[in-house]
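Chains, contacts and geometry: an overview
The primary structure of each chain is shown beneath.
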Amino acid sequence: MEKQCVINVLNDFSADPWGRFRTDNPVSSGEEFRERLLNPAFQNYEKVIVDFTGIEFTPDTSFLGESFIGLVKRNGWSYEDINQKLQLVGSDFLVQLVSRLINNAKNEMSVFY
Amino acid sequence: MIVRKGNAVIVRSPERLSFEFDESISFISALYEASYQSDVVDVDFSALIDISESFSLFLLAQIHKIQLDKENGGCFRIICKSSPIYDSFFLNTGFLKSLLNGSCIQSHKQQSISAYGSYTIQSLFKCREHLNLWIKNLMSDFSSVLKQRFPDEQIRAFFEGLSVTIAESLQNISHHAYIESDKLPTYYQFNNAFIHKLFWCFSWHNLLNNKITFILCDLGVGIVDSYSKYSNRPDYDLERLNGMPVHQVMMEALDETKSRFWRGGRGNGLHTIRHKVSELAKVSITIYSNGVLYTKMMSPPYIESINYKPVLPGTWIEWCFEFTE
């Protein structure tokens, strides 16, 4: 397994990522991002750097949730895998938001099990 | 409100139409009732002197729904020439035209009706694209003035808030308003708004007071019912929700991580909308759903309120901001 890869959201995906499923946004949804870029990168690299620099606006929580929490809910990764492999580059607001979404989802599991 | 004159059934509008007045919601209820009584109903707006932007969109959506359900675009005859706001509202905003055009159905496509002036029908995706362009234009129009008082980061964060709010609200339509569930009552199978996932959208910049309004309205199951009745949560938790007053269920549904998708890692959209604080402008958010009216000022003094109103179908969300100087 190679060491690391960088996904530049602006260049590799879209300047305007938004929406959870392809049915919401057929062009640049979280589902599309995870299936086309994120999950393959998780499978092939030890470290995955997702760089949001230069995109128009911070994506909505549906896009971010479907992308990153979707790795756990749909692709079988654990929250520990995400914490170990994923590194985000972007505004403080975006990095904190994703971190909060992941923590909330992780706590949801532990509370209700 | 409903008057019979010979064979004609007439519904008379009150002087003011706004969510603040229960009479306004009763007026819409009267439209439904009259439409059951007669194939054609005269709606008399002669007394109308004021209507809020948000209520005008809600009224439009409800009238379109009745037109669709009756499969008759001409089921309402609009009487408004004597109204003091005939020119300023009914004609100049394009409201009358939108009302009489009725709603259109394109198979398997969600619909929206954008600002009255440029009456269009779009898919949810196209609507978001259109609104994002609107935000970028607003940002460019206001940036030079705002830059004199605020750092770039704050300006960007403000418009980012609007963009996120729009994306979150639009998706609520497909994920939470028009839901697929075997628990849905059968009448939804014959409800055209439901079948075609119709929504109505309005963006408005009032140049007189620099007030900018974004409103989105659907005629789905509503936030409270979506959260408490059409959820995959366990029975004991559904029972807990069913025992709670409606406004408390609404407040819980607006909280972070609270979603009808049990343990789905979801439920952050409404929370994000509700907590996007702003220092650039006086921002307020208002949500009406399942008879609960929720309002919050997102700028100091952050006043939050919740009130009961008569129940009408659907959800209506308004994001309003006003640059004070």
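To be clear, the structure that these remarks concern was listed above.
Described below are features of the structure shown in this document. (Residues numbered from 1 in each chain as written. Chains lettered and ligands numbered in written order. Predicted model: local features only at pLDDT ≥ 70, side-chain atom pairs only at ≥ 80, totals over all residues. Heavy atoms only, no water.)

Considerations on the overall build of chain B
- Along chain B, the regular secondary structure elements total 11 helices and 12 strands.
- Dimensions of chain B, computed from the C-alpha atoms along their principal axes, are close to 65 × 55 × 35 Å.
- Expressed as a percentage of the 325 residues in chain B, the buried residues total 57%.
- Pairs at least 24 apart in sequence give 67% of the contacts found in chain B among residues at least 6 apart.
- Accessible area for chain B stands at about 14,000 Å²; split by element, carbon and sulfur atoms hold 51% of it.
- Considering chain B, the positive charge centre built from 31 side chains and the negative charge centre built from 34 side chains are found 3 Å apart. (Helix = DSSP H or I, 4+ residues; strand = E, 2+ residues; numbered from the N terminus. Buried < 20%, exposed > 50% of the residue type's maximum accessible area, 1.4 Å probe, protein only. Contact = heavy atoms within 4.5 Å. Areas by Shrake-Rupley, 256 points an atom, 1.4 Å probe, with all protein chains shown as cover. Lys, Arg positive; Asp, Glu negative; His and termini not counted. Charge placed at Lys NZ, Arg CZ, Asp CG, Glu CD.)

Considerations on the interface of chain B and chain A
- Contacts between the two partners involve 29 residues from chain B, matched on the other side by 27 residues from chain A.
- Both faces considered, chain B and chain A share a buried interface measuring about 2,500 Å² in area, 53% of it formed by carbon and sulfur atoms.
- Three residues, B:Phe125, B:Gln171 and B:Arg263, lead the burial of chain B against chain A; their summed loss comes to 25% of the area buried on that side.
- At the boundary of chain B with chain A, the tally comes to two salt bridges.
- Between A:Glu56 and B:Lys136 there is a salt bridge whose closest N-O contact spans 3.0 Å.
- Here chain B is connected to chain A by 10 residue pairs in polar contact (both at pLDDT 80 or more).
- Listing elements by their share of the side of chain B that touches chain A, those giving two or more residues are helix 5 (124-146), helix 6 (152-177) and helix 11 (269-274) of chain B.
- At 10 residues, the largest contribution of residues to the side of chain B that touches chain A is made by helix 6 of chain B.
- The residue inventory of the side of chain B that touches chain A, partitioned by class, reads eight nonpolar, 12 polar and nine charged. (Buried area = accessible area lost by both parts, 1.4 Å probe. Salt bridge = Lys/Arg side-chain N within 4 Å of Asp/Glu carboxyl O. Polar contact = N/O pair within 3.5 Å; in protein donor to acceptor, adjacent residues only side chain to side chain. Nonpolar A, V, L, I, M, F, W, Y, C, P; charged D, E, K, R; others polar.)

What about the sheet that holds strand 6 (residues 76-79) of chain B?
Residue and element names in this part refer to chain B.
- The four strands are arranged 1-2-4-6 in an open sheet whose pairing can be described as mixed. Here the strands that pair on one side only, and so sit at the sheet edges, are strand 1 (2-5) and strand 6. If you compare each strand with its neighbour and ignore which way they point, the axes differ by 30° on average.
- Here four bridges tie strand 2 (residues 8-12) to strand 4 (residues 41-44), and the two strands are oriented parallel to one another. Looking at the pairing, Ile 10 lines up with Asp 42 of strand 4. (Pairing = 2+ DSSP bridges. Axes fitted to C-alpha atoms, helices over the stretch in contact; angles between N-to-C directions.)

Notes on the side chain of A:Thr61
- You can see A:Thr61 is positioned in helix 3 (residues 61-73).
- Among the residues examined, A:Thr61 registers a relative accessible area of 4% and is labelled buried.
- Here B:Glu168 takes part through its side chain, which lies 2.6 Å from a polar atom of the side chain of A:Thr61.
- Setting aside its immediate chain neighbours within four residues, A:Thr61 contacts A:Leu97, A:Leu101, B:Glu168, B:Asn268, B:Gly269 and B:Thr272.

Here we look at unusual backbone geometry
- Notably, B:Asn290 is not glycine yet its phi reads approximately 50°, a positive angle.
- Its location among the elements puts B:Asn290 in the loop between strand 9 (282-289) and strand 10 (292-297).

Description of the sheet that holds strand 1 (residues 2-8) of chain A
Residues and elements named next belong to chain A.
- Overall, parallel pairing links the three strands, which are arranged 1-2-3 in an open sheet. With one partner strand each, in any of the chains shown, strand 1 and strand 3 (86-89) form the two edges of the open sheet. Along the sheet, successive strands turn relative to each other by an average axial angle of 20°, direction set aside.
- Where strand 2 (residues 45-51) meets strand 3, four bridges bridge the pair, whose relative direction is parallel. Bridge pairing in strand 3 links Val 50 to Leu 88.
- Strand contacts of helix 2 (residues 30-44): strand 1, strand 2 and strand 3, with the helix running at about 145° to strand 2, the strand carrying the most contacts.

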